[in-house]
Amino acid sequence: EPEVTQTPSHQVTQMGQEVILRCVPISNHLYFYWYRQILGQKVEFLVSFYNNEISEKSEIFDDQFSVERPDGSNFTLKIRSTKLEDSAMYFCAREGGYNEQFFGPGTRLTVL
Amino acid sequence: GDSVTQMEGPVTLSEEAFLTINCTYTATGYPSLFWYVQYPGEGLQLLLKATKADDKGSNKGFEATYRKETTSFHLEKGSVQVSDSAVYFCALSDQGTGFQKLVFGTGTRLLVSP
C-alpha cells in the first residue's frame, strides 16, 4: 500500500488552463513536499508545506503555483495558467523520520 | 548551493554482474545522503540512507558508504538481477532544523539483461 496517493495519474490540459493536482497521505502527517520531474531530467524541489503553511519554496514555484490543504486531508498543488514547460511528472511526498521522505506515484501533467 | 552529481546512464549489465553507480555531492552543511529507486511507471522509493560519515546504508543487497573525505556515496551491489532494472537517484538533505528538502542527482538508468 503506497504511503501517499496522488490523483489524477495523468492530466492533459490546454495551455493557459488551471490544473489542480491532489495528494492524499495514508496517515496523518504535517510535513509535505511537491517535486517535479521534467522528462529525462532530474527531480526538482518545488515547495514544502508544514502545518498548513509554506515552509520553503524554490524559484520554480512562482506566482502561478499555489498549495493548500483545504480539508485537513487532501494536499493540493494548483497551477493557475499552465505553460508548455509545466509538462512534467509531479510528485507529492510526506516526511518520515531522519529526513526521509515517502513519495506518491506521481501525476503526469501534459500541457498542449 | 547544494548539488548532487551522478554518473551518466544507462548502465547495462548482465544478470549477476557487479554494479557501481557513482555519486558525489557538494553541500555547505553536513547532509544526510540517500539513494532512491524508481521502477517503471512508479514513484520514488527510498532504497537506503546514511546520516553521518562512514555510515553504510544497505537494503536488498545494495550498499553505499558515506565518504566525507571524497564527498561520495557510491551505490554498489554484488550481483544484480533483472528485477533491479530501474532508475536510481542519489539525493541529499541538509541536517538543519525541521524537515529539509531533498536535492537530487539526474538519475542513472540501470538495465539488467538475463
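See above for the structure.
This structure is a prediction, so every number in the text was calculated from the model and none was measured. (Residues numbered from 1 in each chain as written. Chains lettered and ligands numbered in written order. Predicted model: local features only at pLDDT ≥ 70, side-chain atom pairs only at ≥ 80, totals over all residues. Heavy atoms only, no water.)

Caption draft 1: Main features of the layout of surface pockets. Space inside the largest pocket adds up to approximately 520 Å³. Taken together, 24 residues make up the lining of the largest pocket; nearest its centre are Gln37 and Gly40 of chain A together with Gln38, Val87 and Arg109 of chain B. Secondary-structure elements contributing two or more residues to the lining of the largest pocket are β10 (86-93) and β12 (108-113) of chain B. Here the lining of the largest pocket is built from residues that sort into 11 nonpolar, 10 polar and 3 charged. Quantified by volume, the second largest pocket comes out at close to 260 Å³. In terms of lining residues, the second largest pocket is bounded by 16 residues, among which Glu44, Phe45 and Ser58 of chain A together with Lys101 and Val103 of chain B are the most central. Counting residues per element, the ones that place at least two in the lining of the second largest pocket are β5 (43-50) and β6 (53-57) of chain A together with β1 (3-6) and β11 (103-104) of chain B. Ranked by residues supplied to the lining of the second largest pocket, first place goes to β5 of chain A with 3 residues. Its residues assigned to classes, the lining of the second largest pocket shows 7 nonpolar, 2 polar and 7 charged. (1 Å grid on protein atoms, 1.4 Å probe; cavity = no way out; pocket = protein on both sides within 12 Å on 5 of 7 lines; lining within 4 Å. Points joined across faces, edges and corners; volume = space filled by probe spheres on them. Helix = DSSP H or I, 4+ residues; strand = E, 2+ residues; numbered from the N terminus. Nonpolar A, V, L, I, M, F, W, Y, C, P; charged D, E, K, R; others polar.)

Caption draft 2: Spotlight on the environment of methionine 89 of chain A. Residue and element names in this part refer to chain A. Within the element layout of this structure, methionine 89 appears in strand β9 (residues 88-95). On a C-alpha basis, the gap between methionine 89 and arginine 36 in space is 5.5 Å, while along the polypeptide they are 53 residues apart. If sequence neighbours within four positions are ignored, methionine 89 has contacts with Tyr35, Arg36, Gln37, Pro105, Gly106, Thr107 and Arg108. (Contact = heavy atoms within 4.5 Å.)

Caption draft 3: Examining the packing of aromatic side chains more closely. By the definition in use, this model includes 19 aromatic pairs over all chains. Arranged with centres 6.2 Å apart and planes meeting at 45 degrees, the rings of phenylalanine 34 of chain B and tyrosine 36 of chain B form a pair that is tilted. In this pair, the class of phenylalanine 34 of chain B matches that of tyrosine 36 of chain B, namely buried. With a centroid separation of 6.1 Å and 90 degrees between ring planes, the pair formed by phenylalanine 89 of chain B and phenylalanine 104 of chain B is classed as edge-to-face. With phenylalanine 89 of chain B in strand β10 and phenylalanine 104 of chain B in strand β11, the pair connects residues that are 15 residues apart, well separated along the chain. On the basis of relative accessible area, phenylalanine 89 of chain B is assigned to the buried category, the value being 1%. The residue whose ring lies beneath lysine 101 of chain B is phenylalanine 45 of chain A, and the NZ or CZ to ring-centre distance is 5.7 Å. (Phe/Tyr/Trp six-rings, centres within 6.5 Å; stacked < 30°, edge-to-face > 60°. Buried < 20%, exposed > 50% of the residue type's maximum accessible area, 1.4 Å probe, protein only. Lys NZ or Arg CZ within 6 Å of the ring centre and 35° of its normal.)

Caption draft 4: Focus on the state of the cysteines. Residues and elements named next belong to chain A. Evaluated as defined, the whole model comprises 2 disulfides over all chains. Put simply, cysteine 23 and cysteine 92 are joined by a disulfide, and their sulfur atoms are 1.9 Å apart. What sets the handedness of the cysteine 23 and cysteine 92 disulfide is the S-S torsion sign, and at about -60 degrees it is left-handed. Linking cysteine 23 in strand β3 (residues 19-25) with cysteine 92 in strand β9, this pair joins segments that are 69 residues apart in sequence. (Disulfide = S-S within 2.5 Å.)

Caption draft 5: Main features of the nonpolar core. With 27 residues, the main nonpolar core has Leu19, Trp35, Leu47, Leu48, Phe73, Leu75 and Tyr88 of chain B as its most contacted residues. Breaking this core down by element, the ones donating at least two residues are β2 (11-14), β3 (19-21), β4 (23-26), β5 (32-38), β6 (44-50), β8 (62-65), β10 and β12 of chain B. For this core, the element with the most residues is β10 of chain B, which contributes 4 residues. Once you skip the residues sitting within four places of it in the chain, leucine 19 of chain B turns out to touch Val11, Leu13, Phe62, Leu75, Glu76, Lys77, Val80 and Leu110 of chain B. Trp34, Leu46, Val47 and Leu109 of chain A belong to the second-largest nonpolar core, a separate cluster that totals 20 residues. (Core = buried A, V, L, I, M, F, W, Y, C linked by side-chain atoms within 4.5 Å.)

Caption draft 6: Spatial organisation of the interface of chain A and chain B. On the side of chain B, 22 residues touch chain A, which itself brings 19 residues to the contact. Across the chain A to chain B interface the summed buried area is about 1800 Å²; carbon plus sulfur atoms make up 56%. A per-residue breakdown of the area chain A buries against chain B is headed by Lys42, Asn99 and Phe103 of chain A, which together make up 32% of the total. At the boundary of chain A and chain B, one finds 2 salt bridges. For the interface between chain A and chain B, the tally reads 5 residue pairs in polar contact (both at pLDDT 80 or more). Of all elements in the fold, only β4 (31-37), β5, β9 and β10 (101-103) of chain A reach the threshold of two or more residues within the side of chain A that touches chain B. Looking at the side of chain A that touches chain B residue by residue, the classes come out as 9 nonpolar, 6 polar and 4 charged. (Buried area = accessible area lost by both parts, 1.4 Å probe. Salt bridge = Lys/Arg side-chain N within 4 Å of Asp/Glu carboxyl O. Polar contact = N/O pair within 3.5 Å; in protein donor to acceptor, adjacent residues only side chain to side chain.)

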